[in-house]
Amino acid sequence: MVAVMLHYHKKQGQASNFYHRQKGPPAGQFQRRRPGRAARVHPLVPGELWHLYKTSYRPKELRGGSIKTDVQYRIQLNHFARYLGREAVLTDLNENVVCAFLDELAKTRAPRTVNKAYWCLIALWTHAAKRRLVDGFPMIQPMDEPTRIPEAWQLPELGRLFDACRQQAGTIDGVRLADWWYGVHVVCLYTGERIAAVQSIRMANVNWERAEICIPAEARKAKTRDMVYKLPLHAFDALAAIREPGRELLFPPMNLGTFYHRYKRLLRDAGLPADRRCKPQKLRRTFASYLEAAGGNATAALEHASRSVTVRNYLDPRICGGQNPADLLPPIPTAKREGDAA
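Draft legend 1. Representation of the pattern of salt bridges within the structure. The final tally for this structure, using the stated rule, is 13 salt bridges. Close ionic contact of Glu292 with Arg307 constitutes a salt bridge, the shortest N to O distance being 2.5 Å. A residue pair is termed long-range when its members are at least 10 positions apart, and Glu292 in helix α10 (residues 281-293) and Arg307 in helix α12 (residues 307-313) qualify at 15 residues. With relative accessibility at 18%, the residue Glu292 sits in the buried group. Looking at Arg307, the relative accessible area reads 38%, which means it is partly exposed.

Here it is in structure tokens:
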């Protein structure tokens, strides 16, 4: 491996109306909310899905859930209402309506996006059925999604990415952006943690003498276990440039939208792809792939409950794919022709 191998801040009222229902749209069509329009306020009306979500599902099923999860449900409920041309009600939780909605959504969205809507509606439907608010449980199936090969950064690409970090200009809360980006990438790469957890690291959770970083359970996705990571000294030294005992967080916070806008620019500065598969999660796949290639257990390191989750989503076969089956086959035999030497 090379020498050096956000917080999610979005108020609940923001982005809860990514798709905004305008007056008089035909049902079964989608229209993005026009820029500058205020977000739609959801009144709590008994019998509507929004009422079910706000008063029953969210407080009972999503206790301790992230704001990101809440925003996703709001988006999907807005999708459904936009399709219907009105607010969705409990009686809309039936196979004909839901299947028609998902089919319409599939005309302009990828299967992965359609299934996000599917799982949100199925969760609400099941919640309502358990409480006998609707007749019967959902029986429909999600769309088949194409399985993508996990992609990690190759070593030359990592070098270019870290070089681009060093060349970033500007400051954030008195810290050079070059040091900020470099430090974030060092911690992501050597811990395999998600970007939200990395950006939530408190200065008090860094042991500068032992080169250790503690990430509390509350900052991690599962929220079940604290993790302590001991970084190599050459990597830990990169954090000394941003050390400020009087600051609460190790990395001064950066707005989510600003972070991803600048990250795309960072990737372009490095001459690397900047699509959605090349965001910070790719550093997590890089951590897992090189760890596995070196004989480690990426499933345990990432704390996955299933080995299949690690293999399907994190291990790049170009890095840790093992023996190439084609190398085990014999060469193609060549038939002798008349006149060839014996």
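On we go from here.
Draft legend 2. Main features of a positive patch on the surface. Residues Lys68, Arg112, Lys116, Arg148, Lys221 and Arg276 make up a contiguous surface patch of positive charge. In this structure Lys221 comes out as exposed when scored by relative accessible area, which is 65%.

Draft legend 3. Highlighting the sheet that holds strand β5 (residues 227-230). Pairing is antiparallel in the open sheet, where three strands are placed in the order β3-β4-β5. Pairing within the sheet leaves two strands with one partner each, and these edge strands are β3 (206-207) and β5. Bridge analysis of strand β4 (residues 212-215) against β5 gives four bridges, and the strand direction is antiparallel. Across the sheet, the residue bridging to Cys214 is Val228, located in β5.

Draft legend 4. Quick look at the nonpolar core. In terms of nonpolar packing, the biggest core is built from 48 residues, with Trp180, Trp181, Ile213, Leu239, Leu250 and Phe251 touching the most fellow members. When residues of this core are assigned to their parent elements, the largest contribution, ten residues, is made by helix α6 (residues 177-191). If near-sequence neighbours (up to four positions away) are discounted, Trp180 is found in contact with Ile172, Val175, Gln199, Ile242, Phe251, Pro252, Met254 and Phe259. Of all hydrophobic cores here, the second largest spans 31 residues; its members include Leu62, Leu93, Leu102 and Leu121.

Rules and cut-offs
- Residues numbered from 1 in each chain as written.
- Predicted model: local features only at pLDDT ≥ 70, side-chain atom pairs only at ≥ 80, totals over all residues.
- Heavy atoms only, no water.
- Salt bridge = Lys/Arg side-chain N within 4 Å of Asp/Glu carboxyl O.
- Helix = DSSP H or I, 4+ residues; strand = E, 2+ residues; numbered from the N terminus.
- Buried < 20%, exposed > 50% of the residue type's maximum accessible area, 1.4 Å probe, protein only.
- Patch = residues over 30% accessible without salt bridge, like charges linked within 9 Å, V, L, I, M, F, W, Y side chains within 5 Å.
- Areas by Shrake-Rupley, 256 points an atom, 1.4 Å probe, with all protein chains shown as cover.
- Lys, Arg positive; Asp, Glu negative; His and termini not counted.
- Charge placed at Lys NZ, Arg CZ, Asp CG, Glu CD.
- Pairing = 2+ DSSP bridges.
- Core = buried A, V, L, I, M, F, W, Y, C linked by side-chain atoms within 4.5 Å.
- Contact = heavy atoms within 4.5 Å.

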